[in-house]
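One letter stands for each residue in the lines below.
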Amino acid sequence: MVPTLEIFCCYAREDRPLLQKLKNHLMPLQRTGLITIWSDVDINAGVEWEKELKNHLDAAHIILLL
């Protein structure tokens, strides 16, 4: 079985529409379990955001800078 690749997306606030387009484009790969896409919009309320960000940055196989 192929391992899931984690993609960390880093973007400027004004590029949020581009991030959404990217996520829509990559959604078929995420649905099949080949990748996971993570960005700061995935941080839940009440979570220590700096720790969460660092954990995903350290675990990422691919880091995309928009």
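Residues numbered from 1 in each chain as written. Predicted model: local features only at pLDDT ≥ 70, side-chain atom pairs only at ≥ 80, totals over all residues. Heavy atoms only, no water.

Peer 1: How do you make sense of helix α1 (residues 16-31) when you look at a structure like this?
Peer 2: In an α-helix, one full turn covers 3.6 residues, which means residues spaced three or four apart are oriented alike. A rise of 1.5 Å per residue sets the reference length of α1, with its 16 residues, at 22 Å; its end C-alpha atoms lie 21 Å apart and thus fit the reference within 8%. The complete set of buried residues in α1 reads L19, K23 and L26. Those residues of α1 that are buried lie in contact with β1 (5-10) and β2 (35-38). The positive-phi residue at the C-terminal boundary of α1 is G33, with phi of around 85°. (Helix = DSSP H or I, 4+ residues; strand = E, 2+ residues; numbered from the N terminus. Expected span 1.5 Å × (residues − 1). Buried < 20%, exposed > 50% of the residue type's maximum accessible area, 1.4 Å probe, protein only. Contact = heavy atoms within 4.5 Å.)

Peer 1: Any chance you could explain the nonpolar core here in plain terms?
Peer 2: Note that soluble globular proteins tend to have their nonpolar side chains buried in a common cluster. If you look at the biggest cluster of nonpolar residues, it comprises seven residues: I7, C9, Y11, L19, L26, I35 and I37. Elements that contribute at least two residues to this core include exactly β1, α1 and β2. Contact partners of Y11, with chain neighbours within four places excluded, come to R16, L19, S39, D40, V41 and L66. (Core = buried A, V, L, I, M, F, W, Y, C linked by side-chain atoms within 4.5 Å.)

Peer 1: So what exactly am I meant to see when it comes to the sheet that holds β1 here?
Peer 2: Where strands meet in a sheet, backbone hydrogen bonds hold them as pairs that are either parallel or antiparallel. Ordered by their spatial adjacency, three strands build an open sheet running β2-β1-β3, and the pairing between neighbours is parallel. In the strand order of this sheet, the two ends are held by β2 and β3 (62-65), each with one partner. Within the sheet, the average angular offset between the axes of one strand and its neighbour, ignoring direction, is 20°. One ladder, built from four bridges, connects β1 with β3; its direction is parallel. Within the sheet, the bridge partner assigned to C10 lies in β3 and is L65. Sheet contacts for α1: β1, β2 and β3; angle to β2, the most-contacted strand, approximately 160°. (Pairing = 2+ DSSP bridges. Axes fitted to C-alpha atoms, helices over the stretch in contact; angles between N-to-C directions.)

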